[in-house]
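Structural overview for review
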Amino acid sequence: MNDKGTFIAVLLETSSKAYAAGAVLRIREKDTDSAMQVEQWGFQNLVQDMQLRLQHLAVALACGRPEILTLDIEWLSASYLSRNVPIEFLRTCLHCLGEELKESLPEEGQQLVEEYLSHARSCLEIPSDAPKCLLDEQQPLGSLARRFLQAVLGGDRGKAVGMIMDAIEKGATVEDIHLQVIVAVQRELGRLWQVGEGQIADEHFGSRIVEDVLAQLRSSLPAMTESERCVVLASVSGNLHDIGPRIVADHFERSGWRTIFLGANMPIADLVQSVQRYAPDLVALSVGQSTNLRSAADSIAALRAAIPGLAILVGGGPLEVVDGLWRDLGADAFAANGAEAVAFGQSVVRAG
């Protein structure tokens, strides 16, 4: 992590509400169009949204990676485009946030913050299209993924679970169900929310159905002989999602590993205590979102201090996009899916 950036990040987090409110006041006073946008958003709603931008800026500074903030602005730009919000308003928001921070932060932080904001603003100069459907009908299970999504959005749990189990009976592999259906549908639910075509409730309900499907898939597998190989899996503190690491845990179990799945939002002290108790060959951590990166780095540092030589694997959205970010966190490797995670685990066992 970046020492200078971390210092500025702490300042941003400590006074985020004040900085966000100051920036929104600047937006409202800038011109008539901006004032109308503030009125439409609602002052407090826009303050909360600006606090999210500050969170991503703080993480980017602490990691020394301006790309992290740029990813957030690219996502937001696509959301604005889909919801017919002028991109010019996003430029105004970033400009006013920069002006507020320039007057509020100590001199040593002003230039660094402006560099990061400038890097993020540059992505707005490139024309972009609204994000398209993430389901790939060309995949062998593409049609199943579409029908599964329709069942989820229709609130039909029984139909959704039934079609997955029917596909298994007809020869589909669990691995293909994971990648081509479950992961694809989870991402599409996120996209629908991003573009204003879905609700948070859809994503939550979809997650509950996916959990039911994963449980059914596990129960359909033959009992595995317990192995001496052991992996502990968890979502880091602050990451409230655990479907990704649950899928990875299932891959390890199918490969003959003893899996200790600790679930979502795992406090650092409890994570360390659990790893000391189970003495695994490998720890696999899910980072999830950019705002979980500092928690991931702190978790890894605590594990390193308590258990020298421990093999640590990480996965999650921002690590797929920002090259080499997993190294910055102090991990030994990154895996994009369950197969890659198991492959790394096997290499650790062989090396040991």
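Residues numbered from 1 in each chain as written. Predicted model: local features only at pLDDT ≥ 70, side-chain atom pairs only at ≥ 80, totals over all residues. Heavy atoms only, no water.

Take the sheet that holds strand E2 (residues 258–261) next. Here we have 5 strands laid out as an open sheet, ordered E2-E1-E3-E4-E5, and parallel in their pairing. A strand with exactly one partner marks an edge of an open sheet, and here the two such strands are E2 and strand E5 (333–334). With 2 bridges connecting them, strand E4 (residues 312–315) and E5 associate as parallel partners. Within E5, the position partnered with Leu313 by the bridge is Ala333. On the sheet, helix H13 (residues 268–278) packs against strand E1 (230–235), E2 and strand E3 (282–286) and is oriented at approximately 170° with respect to E1. (Pairing = 2+ DSSP bridges. Helix = DSSP H or I, 4+ residues; strand = E, 2+ residues; numbered from the N terminus. Contact = heavy atoms within 4.5 Å. Axes fitted to C-alpha atoms, helices over the stretch in contact; angles between N-to-C directions.)

The way to describe two aromatic rings as a pair is by their centre distance and the angle between their planes. Going through the model one piece at a time under the given rule, you end up with 4 aromatic pairs. Measuring from ring centre to ring centre gives 5.0 Å for Phe252 and Trp257, while their planes differ by 70°; the resulting arrangement is edge-to-face. Assigned by exposure class, Phe252 and Trp257 land together as buried. The structure contains a cluster of three or more aromatic residues connected by ring pairs, namely Trp41, Tyr80 and Phe89. The ring of Phe261 carries the charged tip of Arg246 above its face, separated from the ring centre by 4.5 Å. (Phe/Tyr/Trp six-rings, centres within 6.5 Å; stacked < 30°, edge-to-face > 60°. Buried < 20%, exposed > 50% of the residue type's maximum accessible area, 1.4 Å probe, protein only. Lys NZ or Arg CZ within 6 Å of the ring centre and 35° of its normal.)

Proximity of charged atoms lets side chains of opposite charge pair with each other. Taken as a whole and judged by the stated rule, the model has 20 salt bridges. Here Arg91 ties to Glu88 by a salt bridge, and the two come within 3.2 Å at their closest N and O atoms. Of the two residues, Arg91 and Glu88 both sit in helix H6 (residues 87–104), 3 residues apart, roughly one turn of that helix. Residue classification places Arg91 among the partly exposed residues on the basis of a relative accessible area of 26%. By relative accessible area, which is 48% here, Glu88 ends up partly exposed. Linked through salt bridges whose partners overlap, the residues forming this network are Arg26, Glu100 and Glu103. (Salt bridge = Lys/Arg side-chain N within 4 Å of Asp/Glu carboxyl O.)

Nonpolar side chains in soluble globular proteins generally cluster together in the buried interior. In terms of nonpolar packing, the biggest core is built from 67 residues, with Leu12, Leu57, Leu101, Leu285, Leu293 and Leu303 touching the most fellow members. Residue contributions to this core peak at 11 residues, all from helix H4 (residues 43–63). Aside from chain neighbours lying at most four places away, what touches Leu293 is Val59, Cys63, Ile68, Val287, Pro318, Leu319, Leu325 and Leu329. Counting 29 residues, the second-largest nonpolar core is a separate cluster that includes Ala145, Ala151, Ala160 and Leu189. (Core = buried A, V, L, I, M, F, W, Y, C linked by side-chain atoms within 4.5 Å.)

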